[in-house]
Amino acid sequence: MENRLLSDIGRTGTKVIMNGRIVTENNVIDDGVIIVRGDRIKALGCRYGINVPAGAEIIDAKGNLVCPGFIDIHCHGGGGFLFKDNADAALKAHLRHGTTSVLATLSYHMTDNEYIETFQKLEKVIKTDYGKQCIGVNMEGPYLNPRYGADTSKVRAIKAEDYERVYEAGRKLIRIWTFAPELDGAKDFAAFLKSKNIIQSAGHSEADHETVNEFIKNGLRLGCHLMNAMGFPPPFVFKGAIREVGIAEALLWDDDTYVEVIPDSKGVHVRPLMLKLILKLKGVNRVVAISDAFLAGALKDLEYIKDEKGLEYVPDEGDLYYNGLNQLCGSRLSMDYAIRNMMNHTGIGFVDAFKIGALNAAALLGMDDEIGSIREGKKANIIIADEKMNVKNVILEGRRVQLSGL
Ligand SMILES: [Zn+2]
């Protein structure tokens, strides 16, 4: 197995990407050249300003965009599998669509023992060639408000002995942990996360804006899929007479917190006007597109799949995903589609699109010196794609991925 994977992935060595439109953090360099040495971007610029080393492997971008690989911080699976069941398959499915860094996201449908078993499996997968793509775990729950989310039968009360046990097993992997701030014990839990350098994320919640502001002061940094699974605390005062404010507005108001959005093609998760409003309020540096893909994400063949219970399911609703209870449950997106939709819905250009698709996520994770943009010295996680985000080539840490082998 391991040998086959190794032969699927190109050799390291100096590579030169030519004839591309390079999307950097600030601009697009037409007729650009990138020199890749080992796993790093060695140099980049316009064709006439770069010395191309003799004997290097040339990659012709054929006039396409040359962009940073996507970073997906909220992704439960893809290619027919959840990360908990087959991380290797899920990683490859998203790699095919240009995602070069992903946080394996474990949902609130899992037991603590399932979390712990998944950490063990992921630690093995990360050591493989393609496993480099997995840069950690995002815990979505289980300490969430049961009124918000798809099939919340397994969300549970916050107990220190539970989260300490899960943390101990996943301490090398856990980067983000989402919880509902209104739950009993949330303050202590947030303090625990802060002490462990885990990014605090609020979601599946109806916390009032004062509560959210308190958590922001104490280190809350992220809103989990803004506009999805969020509500207002009861009782509604003057129902029908005023529009209440709550967690979503608190996150929109704060300048520093990041917010995730799921940009599906039909604007079901977040209406196109709401995406524009979010961009206007948060600015282009604080919005992070995610796939929130479940097992049906990034599939090659979209005709039908079977869910965990073996129920056949026809994904005919664009890129939405419904669970066996017919509830909206994540999506079938991969990041290429998410970013294409984001551009279609909001009119942003390529530079902003790749902030939302890569750089902002890297900054949130404190990894923007390593990944998230095309810059000298960063890891050579690069994709070549056309203007509609159809991915043609993927380079993972300086190695060309044979997409047909995935
Ligand atoms: Zn999710």
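This text goes with the structure placed above it.
Remember, it's a predicted structure, so these values are computed and weren't measured experimentally. (Residues numbered from 1 in each chain as written. Predicted model: local features only at pLDDT ≥ 70, side-chain atom pairs only at ≥ 80, totals over all residues. Heavy atoms only, no water.)

**Brief notes about the packing of helix α8 (residues 272-282) against helix α9 (residues 335-346)**
Part 1 of the argument: Axis separation between α8 and α9 bottoms out at 9 Å; the angle between their running directions is 90 degrees. Between α8 and α9, the crossing angle belongs to the class labelled roughly perpendicular. Packed against α8, whose contacting residues are P272, L275, K276 and L279, the element α9 presents M342, H345 and T346 at the interface.
Part 2 of the argument: Of the residues in the contact of α8 with α9, the class split is four nonpolar, two polar and one charged. (Axes fitted to C-alpha atoms, helices over the stretch in contact; angles between N-to-C directions. Helix = DSSP H or I, 4+ residues; strand = E, 2+ residues; numbered from the N terminus. Parallel < 35°, antiparallel > 145°, perpendicular 65-115°, else oblique. Contact = heavy atoms within 4.5 Å. Nonpolar A, V, L, I, M, F, W, Y, C, P; charged D, E, K, R; others polar.)

**With respect to the nonpolar core**
Part 1 of the argument: Judged by nonpolar contacts, the single largest core of 99 residues is most densely connected at I73, F83, F119, V137, M139 and W177.
Part 2 of the argument: Ranked by the residues each element gives to this core, the list is headed by helix α10 (residues 350-364), at nine residues.
Part 3 of the argument: If sequence neighbours within four positions are ignored, V137 has contacts with L103, A104, L106, F119, L122, L173, I174, R175 and I176.
Part 4 of the argument: Residues I374, A380, I382 and I384 belong to the second largest nonpolar core, which totals 15 residues. (Core = buried A, V, L, I, M, F, W, Y, C linked by side-chain atoms within 4.5 Å. Buried < 20%, exposed > 50% of the residue type's maximum accessible area, 1.4 Å probe, protein only.)

**Focus on the coordination of the zinc ion**
Part 1 of the argument: Here the zinc ion is held by the protein donor atoms H74 (NE2), H76 (NE2), E140 (OE) and D292 (OD), which lie 2.0 to 2.3 Å from it.
Part 2 of the argument: With four donor atoms in place around the zinc ion and angles of 84 to 168 degrees between them, the coordination shape is irregular.
Part 3 of the argument: Along the chain, the residues donating to the zinc ion fall in the pattern H-x1-H-x63-E-x151-D. For the residue pair H74 and H76, the accessibility class agrees, reading buried in each case. (Donors = N, O, S within 2.8 Å, 3.2 Å for Na, K, Ca; no water. Tetrahedral: all angles 85-135°; square planar, octahedral: opposite > 155°, others 65-115°.)

**Here's the deal with helix α2 (residues 83-96)**
Part 1 of the argument: Taking 1.5 Å per residue as the helical rise, α2 with its 14 residues ought to reach 20 Å, whereas the 16 Å between its terminal C-alpha atoms falls clearly short.
Part 2 of the argument: With respect to burial, α2 is a largely interior element, eleven of its 14 residues being buried.
Part 3 of the argument: All buried positions along α2 are accounted for by F83, K84, A87, D88, A90, L91, K92, A93, H94, L95 and R96.
Part 4 of the argument: Once α2 finishes, G98 follows within two positions and takes phi at roughly 90 degrees, a positive value. (Expected span 1.5 Å × (residues − 1).)

**Side note on unusual backbone geometry**
Part 1 of the argument: Put simply, G141 and P142 share a cis peptide bond, and its omega is 15 degrees.
Part 2 of the argument: At H204, a residue that is not glycine, the phi angle is positive and equals roughly 45 degrees.
Part 3 of the argument: For H204, the position within the fold is in the loop between β12 (199-202) and α6 (209-217).
Part 4 of the argument: Even without being a glycine, E397 presents a positive backbone phi close to 50 degrees.
Part 5 of the argument: Mapped onto the secondary structure, E397 falls in the loop between β21 (391-396) and β22 (399-401).

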